Amino acid sequence: MSGTFVGMPAFPPLAHPAFPQAAREAVRNPTLRGNLRHATHTIRGKRARAVGELSDWAVLREAGSRIKDHTLRHLDRYLEQLEDSVTAAGGTVHWAADAEEANRIVTELVRATGESEVVKVKSMATQEIELNEALAAAGIRAYETDLAELIVQLGKDRPSHILVPAIHRNRGEIRDIFAHEMRAWGRPAPEDLTDTPADLAEAARLHLREKFLRAKVGVSGANFMVAETGTLVVVESEGNGRMCLTLPETLISVVGIEKIVPTWRDLEVFLQTLPRSSTAERMNPYTSMWTGTTDEDGPRAFHLVLLDNGRTDTLADTVGRQALRCIRCSACLNVCPVYERAGGHAYGSVYPGPIGAILSPQLRGTGSEIDASLPYASSLCGACYEVCPVAIDIPEVLVHLRERVVEGGPAVRRGNKVLLKPAKGHAAERAAMRAARWAFARPGALRAGQRLASRTRRLHPRTLPGPGRAWSGARDLPAVPPEPFRDWWQRTRGGKDGDR
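Residues numbered from 1 in each chain as written. Predicted model: local features only at pLDDT ≥ 70, side-chain atom pairs only at ≥ 80, totals over all residues. Heavy atoms only, no water.

### As for the environment of E210
Alright, step 1. Relative to the assigned elements, E210 resides in helix α10 (residues 197-214).
Alright, step 2. The exposure class of E210 is partly exposed, given its relative accessible area of 30%.
Alright, step 3. C-alpha separation for the pair E210 and R73, spaced 137 residues apart in sequence, amounts to 45 Å.
Alright, step 4. Discounting residues that sit within four places of it in the chain, E210 has contacts with G186 and R187.
Alright, step 5. Of note is the side chain of E210, whose polar atom sits 3.1 Å from the backbone nitrogen of R187. (Helix = DSSP H or I, 4+ residues; strand = E, 2+ residues; numbered from the N terminus. Buried < 20%, exposed > 50% of the residue type's maximum accessible area, 1.4 Å probe, protein only. Contact = heavy atoms within 4.5 Å. Polar contact = N/O pair within 3.5 Å; in protein donor to acceptor, adjacent residues only side chain to side chain.)

In structure tokens, the structure reads:
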């Protein structure tokens, strides 16, 4: 491989408060909650119907999980195969260990063309590394061409959903953004613009068309990369991706190393599960695939920037690595009761919702206030696991990361094994867990404690004191039974099966 490749620090955490503080502000916004509730419930219902059409959905889900796990176990081999395939097809592969290196590579590639603007198809990897900001600092303007990303960019906003980045905006807000901001970015919105979807889409189409026809450089991500042929795949619903991938003379794709699949046969599985889980479609309206360059069609120069940015560190975690299976379908967001109420901005990351709660703390580490709080941004209801098309056990990883936050312990950072210190503010939780461990390891002490709790249950408070007040303020404390289960079993069964 061309260049060393170790897990470097991931994209820096935003200056963002811990999740509970950010979520508290979000739930006080009735417009935001209304927008989220309507959108997530609509997408959720459509997805359920689309998935229900397939009798072998469970088999496809298991196949996707196994393909991803196999690829991650042999990631080094498949990445080298991909580099060879892309190079043989006329492309150039660049290896970026972190966000800074990726931004530098892309900036230099754009400068080499002599251009000062690029068009972009939606890419979470470029949002992760804050490429737009890096290009702006170099005097290069990046134009988002996905409709939702355009809304976010014109509104000087941040994405709040993986599939629908502007899900927190309603039609009236979008109309105002177009009317006030489009002029500064190019073709202005029509004077008589209304908030009907057709008018908003037409305003965006006219605004973007001149950019597609003028731009000489395109920047993309990719949903998948096929190692055996060096083919990249983008699935989308608007056609802007097809324009960005075919019209510019130079195409630069920034893709996380986990997006690779070994063969075209493997790709078949994901082209069935991704559309149904994300847009609730049998297939995406536009599925674009490209392999290197050709003299007859498409860009004359193709560059693939393979991004690590904390992914190899995540791969070293035997429990947390399953987050790298993610195909960015957003199904977990649409069923999550926490996301539905708090919205995406509260997660302080380009990756919101349940998948962001496990992915961001692994890519960035748990040293910041926001990242230490993200594993707690869940009720552990398990709905996210049930809908995940690659069977990521998000609740399992959340509990695993909570243990890391509370207890510290071994981890991998920048490719090196380190020993993390426990996060601040969790002393009471640590003490409670250690007390529980001590009691569960001593059956006699556990039995005595259970009997004491049963006999004093009338004296128990209705709410917890101190730090526990936050927990009991939103739920009832479980009632202690009149007698422990083992005492009941001994009394009613006479210990026939043993006192276990």
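Once the structure has been displayed, the description carries forward.
### A few points about the packing of aromatic side chains
Alright, step 1. Counted according to the given criterion, the structure contains eight aromatic pairs.
Alright, step 2. An angle of 90° between the planes, with centres 6.3 Å apart, marks the rings of W290 and F302 as edge-to-face. Here the residue W290 occupies a position in strand β9 (residues 286-291), and F302 occupies one in strand β10 (residues 301-307), the gap between them amounting to 12 residues.
Alright, step 3. You can call F302 buried: its relative accessible area is 3%.
Alright, step 4. Pairwise contacts between aromatic rings join F19, Y339 and Y347 into one cluster.
Alright, step 5. Between the NZ or CZ atom of R77 and the centre of the ring of Y78, over which it lies, the distance is 4.6 Å. (Phe/Tyr/Trp six-rings, centres within 6.5 Å; stacked < 30°, edge-to-face > 60°. Lys NZ or Arg CZ within 6 Å of the ring centre and 35° of its normal.)

### Quick word on the sheet that holds strand β3 (residues 141-144)
In a beta sheet, neighbouring strands pair by backbone hydrogen bonds and run either parallel or antiparallel.
Alright, step 1. In space, the six strands of this open sheet follow the order β1-β10-β7-β4-β2-β3, with parallel pairing throughout. Edge positions in the open sheet fall to β1 (92-96) and β3, since each of these has one partner strand only. Averaged over neighbouring strand pairs, the angle between their axes works out to 25° when direction is ignored.
Alright, step 2. Bridge count between β1 and β10: five bridges; the pairing is parallel. (Pairing = 2+ DSSP bridges. Axes fitted to C-alpha atoms, helices over the stretch in contact; angles between N-to-C directions.)

### Some words on the nonpolar core
Alright, step 1. Ranked by internal contacts, the top residues of the largest apolar core, which has 104 residues, are F19, F178, L304, L306 and I358.
Alright, step 2. Leave out the neighbours within four places in its chain, and F178 touches L147, L150, I151, L154, A189, L193, L200, A203 and A204.
Alright, step 3. Ranked by size, the runner-up nonpolar core spans 20 residues in total, among them A99, I105, V110 and V217. (Core = buried A, V, L, I, M, F, W, Y, C linked by side-chain atoms within 4.5 Å.)

### A look at the environment of Q362
Alright, step 1. In this fold, Q362 is placed in helix α16 (residues 353-364).
Alright, step 2. Here Q362 falls in the buried class, since its relative accessible area comes to 2%.
Alright, step 3. Along the primary structure Q362 and Y385 are separated by 23 residues, whereas in three dimensions their C-alpha atoms are 18 Å apart.
Alright, step 4. With near-sequence residues (within four places) excluded, Q362 lies in contact with G310, T314, D317, G320, R321, A323, V397, L401 and R413.

### What about the pattern of salt bridges?
Alright, step 1. In the structure shown here, the tally under the stated rule is 26 salt bridges.
Alright, step 2. One salt bridge in this structure joins K156 and E181, with 3.0 Å as the shortest N-O distance. Here K156, found in the loop between α8 (147-154) and α9 (171-185), pairs with E181, found in helix α9; they are 25 residues apart in sequence, far enough to count as distant.
Alright, step 3. With a relative accessible area of 23%, E181 lands in the partly exposed category.
Alright, step 4. With a shortest N-O distance of 2.3 Å, R491 and E483 are connected by a salt bridge.
Alright, step 5. A relative accessible area of 56% places R491 in the exposed class. (Salt bridge = Lys/Arg side-chain N within 4 Å of Asp/Glu carboxyl O.)

### Notes on the confidence of the model for the protein
Alright, step 1. The pLDDT averaged across the protein works out to 92; a share of 96% of its residues lies at or above 70.
Alright, step 2. Counting interchain partners and residues more than four positions distant, the pLDDT-below-50 stretch residues 1-14 has 54 contacts. (pLDDT = per-residue confidence, 0-100.)

### Overview of the side chain of Q153
Alright, step 1. With respect to the element layout, Q153 can be found in helix α8.
Alright, step 2. What makes Q153 buried here is its relative accessible area of 14%.

### A closer look at unusual backbone geometry
Alright, step 1. Within the chain, K156 stands out as a residue other than glycine whose phi angle is a positive 50°.
Alright, step 2. Positive phi, close to 55°, is recorded for N309, a residue that is not glycine.
Alright, step 3. Locating N309 in the fold gives a position in the loop between β10 and α13 (311-315).

### As for the sheet that holds β9
Alright, step 1. The four strands lie next to each other as β8-β5-β6-β9, forming an open sheet whose pairing is mixed. At either end of the open sheet lies a strand with only one pairing partner, and these are β8 (260-261) and β9.
Alright, step 2. With two bridges connecting them, strand β5 (residues 224-226) and β8 associate as parallel partners. Residue pairing in the sheet places V226 in a bridge with V261 of β8.
Alright, step 3. The strands that helix α12 (residues 264-278) touches are β5, β6 (231-236), β8 and β9; relative to β5, the one it contacts most, it runs at about 165°.

### Focus: the packing of helix α3 (residues 57-73) against helix α4 (residues 75-88)
Alright, step 1. Taken N-terminus to C-terminus, the directions of α3 and α4 make an angle of 85°; their axes are 5 Å apart at the nearest point. One finds that α3 runs roughly perpendicular with respect to α4. Touching H70, T71, L72 and R73 of α3 are L75, R77 and Y78, all from α4.
Alright, step 2. Its residues placed into classes, the contact of α3 with α4 shows three nonpolar, two polar and two charged. (Parallel < 35°, antiparallel > 145°, perpendicular 65-115°, else oblique. Nonpolar A, V, L, I, M, F, W, Y, C, P; charged D, E, K, R; others polar.)

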